[in-house]
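Next come the chains, spelled out residue by residue.
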Amino acid sequence: QVHLVESGGGLVQPGGSLRLSCAASGIIFSINTVNWYRQAPGKQRELVATITSDGSTNAADSVKGRFTISRDNAKNTVYLQMNTLRPEDTAVYYCNARRNYDDVDFWGQGTQVTVSS
C-alpha cells in the first residue's frame, strides 16, 4: 500500500516561511512524479509545484520565486520550501504522487497552511 504523509503546516505571519514535508511508503519518489497541490476554501484544487523523476522542477506562476520543491532520495521525502508567504497562500496543501508506469495517483491527507497577522 502507498501512504503519503504531509507535515510542516501551521500558522505564519505574512512574509514568513514554512517547509512542508511529504514522506512516502510503498512508492519510490525518485522514479515517479511528485506534486504539491493546494486548495483554499471555496476554490478548486490547484497545482503548486512539480518534481519529476529526473529532478526537473516546475512551479505555478503565483509561487514562482517564492516556493521551491525538492527531494531527498535517501529519505524518500519531498519538500516544499515556502518563503515570503502571503495571505493568499492560505490553503490546505496536498502531496500527490503519480506512479509513472500506470498513471495512478496517490494523495496525502493534507496539511493546513494559514498566513495571517
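Conventions we followed
Residues numbered from 1 in each chain as written. Predicted model: local features only at pLDDT ≥ 70, side-chain atom pairs only at ≥ 80, totals over all residues. Heavy atoms only, no water. Core = buried A, V, L, I, M, F, W, Y, C linked by side-chain atoms within 4.5 Å. Buried < 20%, exposed > 50% of the residue type's maximum accessible area, 1.4 Å probe, protein only. Contact = heavy atoms within 4.5 Å. Disulfide = S-S within 2.5 Å. Helix = DSSP H or I, 4+ residues; strand = E, 2+ residues; numbered from the N terminus.

Draft legend 1. Summary view of the nonpolar core. Ranked by internal contacts, the top residues of the largest apolar core, which has 29 residues, are Leu4, Phe29, Trp36, Leu80, Met82 and Tyr93. Contacts of Leu4, omitting those with residues within four sequence positions, involve Cys22, Ala23, Ala24, Ile27, Phe29, Cys95, Asn96, Ala97, Phe106, Trp107, Gly108 and Gln109.

Draft legend 2. Looking closely at the state of the cysteines. The full count for this structure, using the stated rule, is one disulfide. Between the sulfur of Cys22 and that of Cys95 lies a disulfide, 2.1 Å long from S to S. Given an S-S torsion of about -80 degrees, the disulfide between Cys22 and Cys95 has left-handed geometry. Separated by 73 residues along the polypeptide, Cys22 in strand β3 (residues 18-25) and Cys95 in strand β9 (residues 91-99) bring together distant segments of the chain. Each member of the pair, Cys22 as well as Cys95, carries the same accessibility label: buried.

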